[in-house]
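Observations on the model geometry
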Amino acid sequence: MRWGFLDNKLVQVVDVQHAYAGESAGDSWVLCGISLTVHQGEFVAIHGRSGTGKSTLLHIVGGILAPRRGRVLIGGQDLFQLGDRALSHFRNRTLGFVFQNYYLAPSLTALENVMVPALLSGEPVHRARHRAMDALDQVGLAAKAKARPGDLSGGQMQRVAIARALVNHPALLLADEPTGNLDEQTGGEIMDLLASYQRARGLTILMATHDPSVELHATSQLYLIGGKLQAGTGAVESAAN
Amino acid sequence: MKLGQVIFFLRRNLKRRRGRTLAAIGAVAVAIAVFHLAAALALVLRSDVLNKVERIFPERTMIVRARAIELGPLAFAPALLTARITPEIAQRLAALPGVESVWPQLPLNMPALATGSLAGYEGSTDIVAYGVPREMVAADVIGKRGFTYSDSPTSPMPVIVSRFFVDMFNLGLAEGQGLPKLTDQAVIGRHFQMVLGASLLTVEAPADRVRKIECEIVGLTDNPSLLGVTAPIEYVREFNRWYQGEKAAENYAQLHLTLRSMEHYDAAAKTVESLGLQVVGQRETARRLRLAINGAALVLLAFGAAILALAAINIINTFALIMLERRGEIGLLRAVGATRLGAMALLVGESVVLGLAGATVGSGAAWGIAIALNRALARWLPPFSLAPSRWLDERASLFLFCAALGLIGSALATAPMVWKAVRRWPADLLRE
């Protein structure tokens, strides 16, 4: 599947609403009509307090959670109208996801963790290994290829997760609080690493974060308050438009 | 997902949980081994033992005898009071619809002794002898002499001996006297002398009332109606004629009437009874034995199936726990691009590998036990005609069936819960 980027618009979120089923008080709506457009090459940061729905928004944009209402268009394609194969292809080739909790498989080495998306894309094992080694090298962890996640620091694990997210050279990177579990210095290093990718490859980044250092790198910033997005600095089409 | 990639993931996942993997393989192996052995015993019961029973008590054959007057435990069939079985009656019954064959059984109407040596044991014994047509015992004849009449004085009379004689010798005399046991091959071709008109129980008969006949054993039978020595009917007819005159030449003890199918049984039995004769049917005996053997086989299979069911429940429970633990892993796989079928292939593939490995080990061990046990019992047990040729089925097809059962059973046990998991949105799985 080829993703055409119409008018340079990579991601279009159209009136997305989502709620989690509540036990006694009814559904809890976290997203109350989010509309958002992210252009190719942008670095958009979404701020908000814990529990405001930042991760939920990223999960919906990443196609790993379906919204109750609304649409998500990637390159003009309605994501949630796709079948399982097409959606899986999108997650594997077009998207890279970096999670706050890294989600590295503890039984696989760092190299093998990075190989997973490459293998899922259909690469034979030896080619996947070669690509994964390149990706680890780019995040500065080639020497730790055979280490298991349990033997790595938080920052190193997040670097491995970034390498995994970028091994298939996706067009879009979603990062959910990538520095949330790291100290300030390490978090800064991770942010610098992501920004360098964004500049070098024209990567489009949508990041949910509390980290103030993102201001140095983001092209635009949004705030998720009360289930709605509010503009921060930078050019962004908001729900008001 | 390609095979190489599936193998990549499977190897790492199975190695990661080595202890649990080995435990799962062990559990499947034990269950499959028990099932294999139970099935092996059931199959032998259904094939070997049932075949032997059906050969000894053929359902489609009825024995026709003269009516007996029963006085307590004793039964009498005095010629004056009961109908005789003559060649005419045999022909009449052979003409009935649905009758395949009617073979007469002519008793030797004189005392007779058998003298000779057997495995180093010299002796004489009174015997009962019958004459039957060649066609009736064709399947039991092994010796080169065949079971045919010859009027040559130098040619020995071919006889067939009851297997139960051999059993009695092996289990009785041979055991008691420390004599070697006899196999079929040891008996076939042996010669002995039949002394007509003589008996160990009576005084010595005059010389003109005694006749010595050289006999050669050409076959063994497990027909319970032919418990003594059986010779071609032409010989017995001639001996009866010589000893008692023409009347005794054709006075049959019983007829063996075989039907083409069971639907004619009741009509044939009614005709026999209308002739003043009685039917000694083997239908009821055969049915009861068949029921007992099938019942025993069913119980064995049910036991084996119960063990398998317990193992399956164990696997399902274990895998359900594993699935709970691996929700995050499934969510991550799906989040980085695994399709539902791809994720299913990985997870069900693990279960299939465990099931196949366990089933191969278990069924292979059971197969080996079956072969070893058959060899050991064949060496250890004395030859006995009713014993099956093997005690456990040792065909490769049972091994293949059990291996396939392990593979398919594991897949079916785990596929539903895996499918339930992979259908969920990855974010929900990651959140849990």
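Residues numbered from 1 in each chain as written. Chains lettered and ligands numbered in written order. Predicted model: local features only at pLDDT ≥ 70, side-chain atom pairs only at ≥ 80, totals over all residues. Heavy atoms only, no water.

Time to look at the pairing of strand β10 (residues 228-231) of chain A. Residues and elements named next belong to chain A. The sheet contact formed by strand β9 (residues 220-225) and β10 spans 4 bridges and is antiparallel. Within the sheet, the bridge partner assigned to Tyr 223 lies in β10 and is Gln 230. The antiparallel hairpin formed by β9 and β10 contains 2 residues in its connecting segment, where Gly 226 sits at a positive phi of about 60 degrees. (Pairing = 2+ DSSP bridges. Helix = DSSP H or I, 4+ residues; strand = E, 2+ residues; numbered from the N terminus.)

If you look at the biggest cluster of nonpolar residues, it comprises 91 residues, and the most contacted ones within it are Leu 136, Ile 162 and Leu 206 of chain A. In terms of residues, this core owes the most to one element, helix α3 (residues 110-120) of chain A, which gives 8 residues. Those residues within four positions of Leu 136 of chain A in sequence are excluded, and the remaining contacts are Ala 110, Leu 111, Val 114, Leu 141, Ala 142, Ala 145, Val 160 and Ala 163 of chain A. The next biggest cluster of nonpolar side chains, apart from the first, holds 49 residues, and it includes Val 159, Met 194, Ala 231 and Tyr 252 of chain B. (Core = buried A, V, L, I, M, F, W, Y, C linked by side-chain atoms within 4.5 Å. Buried < 20%, exposed > 50% of the residue type's maximum accessible area, 1.4 Å probe, protein only. Contact = heavy atoms within 4.5 Å.)

What follows concerns the environment of Gln 177 of chain B. All names here are of chain B. Structurally, the position occupied by Gln 177 is in helix α4 (residues 163-177). Overall, the relative accessible area of 54% leaves Gln 177 in the exposed class. Counting along the chain gives 81 residues from Gln 177 to Leu 96, while the straight-line C-alpha distance between them is 52 Å.

Accessible area lost upon the coming together of the parts serves often as the stated size of an interface. When cut into domains, chain B gives domain 1 (3-56 + 288-431), domain 2 (60-99 + 257-281) and domain 3 (110-250). Each of domain 1 of chain B and domain 2 of chain B has a C-alpha centre, and the two are 54 Å apart. (Domains from an automatic or database assignment.)

This part takes up the interface of chain B and chain A. At the junction of the two partners, chain B supplies 24 residues and chain A supplies 29 residues. Taken together, the two surfaces of chain B and chain A that pack against each other cover about 2,300 Å², and 67% of this comes from carbon and sulfur. Among the residues of chain B in contact with chain A, Phe 8, Val 336 and Trp 425 of chain B are the three that bury the most area, contributing 25% of the side total. Across the chain B-chain A interface, the total number found is 3 salt bridges. A salt bridge links Arg 12 of chain B to Glu 112 of chain A; its shortest N-O distance comes to 2.7 Å. The set of elements that each furnish at least two residues to the side of chain B that touches chain A consists of α1 (3-16), α9 (327-335) and α12 (426-431) of chain B. Looking at the side of chain B that touches chain A residue by residue, the classes come out as 12 nonpolar, 5 polar and 7 charged. (Buried area = accessible area lost by both parts, 1.4 Å probe. Salt bridge = Lys/Arg side-chain N within 4 Å of Asp/Glu carboxyl O. Nonpolar A, V, L, I, M, F, W, Y, C, P; charged D, E, K, R; others polar.)

The next thing to look at is the pattern of salt bridges. Residue and element names in this part refer to chain B. Counted under the stated rule, the structure contains 21 salt bridges over all chains. Between Arg 163 and Asp 184 there is a salt bridge; the shortest N-O distance is 2.8 Å. Residue Arg 163 is located in helix α4, and its partner Asp 184 is located in helix α5 (residues 184-187); the two are separated by 21 residues in the primary sequence. For Asp 393, the salt bridge identified is with Arg 395, shortest N-O distance 2.6 Å. In this structure Arg 395 comes out as partly exposed when scored by relative accessible area, which is 42%. Three or more residues joined by partner-sharing salt bridges are found here, namely Asp 48, Arg 390, Asp 393 and Arg 395.

Our focus in this paragraph is the packing of helix α8 (residues 283-325) of chain B against helix α11 (residues 396-422) of chain B. All names here are of chain B. Interhelical geometry of α8 versus α11 gives an angle of 35 degrees and a closest axis separation of 10 Å. Here the hand of the crossing between α8 and α11 comes out right-handed. Touching Leu 308, Ile 315, Ile 316, Phe 319, Ala 320 and Met 323 of α8 are Leu 405, Ala 413, Thr 414, Met 417, Val 418 and Ala 421, all from α11. Residue composition of the contact of α8 with α11, by class: 11 nonpolar, 1 polar and no charged. (Axes fitted to C-alpha atoms, helices over the stretch in contact; angles between N-to-C directions. Left-handed = near helix turned anticlockwise from the far one by under 90°.)

Residue and element names in this part refer to chain A. As a packed pair, α3 and helix α4 (residues 125-138) sit with axes 8 Å apart at the nearest point and diverge in direction by 120 degrees. One finds that α3 runs oblique with respect to α4. Every pair of crossing elements has a handedness; the one defined by α3 and α4 is right-handed. Taking contact as the criterion, the partners of Ala 110, Leu 111, Val 114, Met 115, Ala 118 and Leu 119 in α3 are, on α4, Val 125, Ala 128, Arg 129, Ala 132, Met 133, Ala 135 and Leu 136. Tallied by class, residues from the contact of α3 with α4 come to 12 nonpolar, no polar and 1 charged. (Parallel < 35°, antiparallel > 145°, perpendicular 65-115°, else oblique.)

All names here are of chain A. Where strand β1 (residues 9-20) and strand β2 (residues 28-39) come together, 9 bridges link them in antiparallel fashion. The residue bridging Gln 12 from the neighbouring strand is Thr 37, located in β2. Note: β1 against strand β4 (residues 69-74), 5 bridges, orientation antiparallel. Paired with Gln 17 across the bridge in β4 is Arg 69.

Attention shifts here to the sheet that holds strand β6 (residues 95-98) of chain A. All names here are of chain A. The 6 strands are arranged β6-β7-β8-β3-β9-β10 in an open sheet whose pairing can be described as mixed. The outermost strands of the open sheet, each flanked by one partner alone, are β6 and β10. Along the sheet, successive strands turn relative to each other by an average axial angle of 20 degrees, direction set aside. In this fold helix α2 (residues 84-94) packs onto β6 and β7 (172-176), with an angle of close to 70 degrees to the strand it touches most, β6.

Residues of chain B with pLDDT of at least 70 account for 95%, and the chain-wide mean is 86. Mean pLDDT values over the elements of chain B span from 62, in strand β3 (residues 74-76) of chain B, up to 94, in strand β11 (residues 229-232) of chain B. (pLDDT = per-residue confidence, 0-100.)

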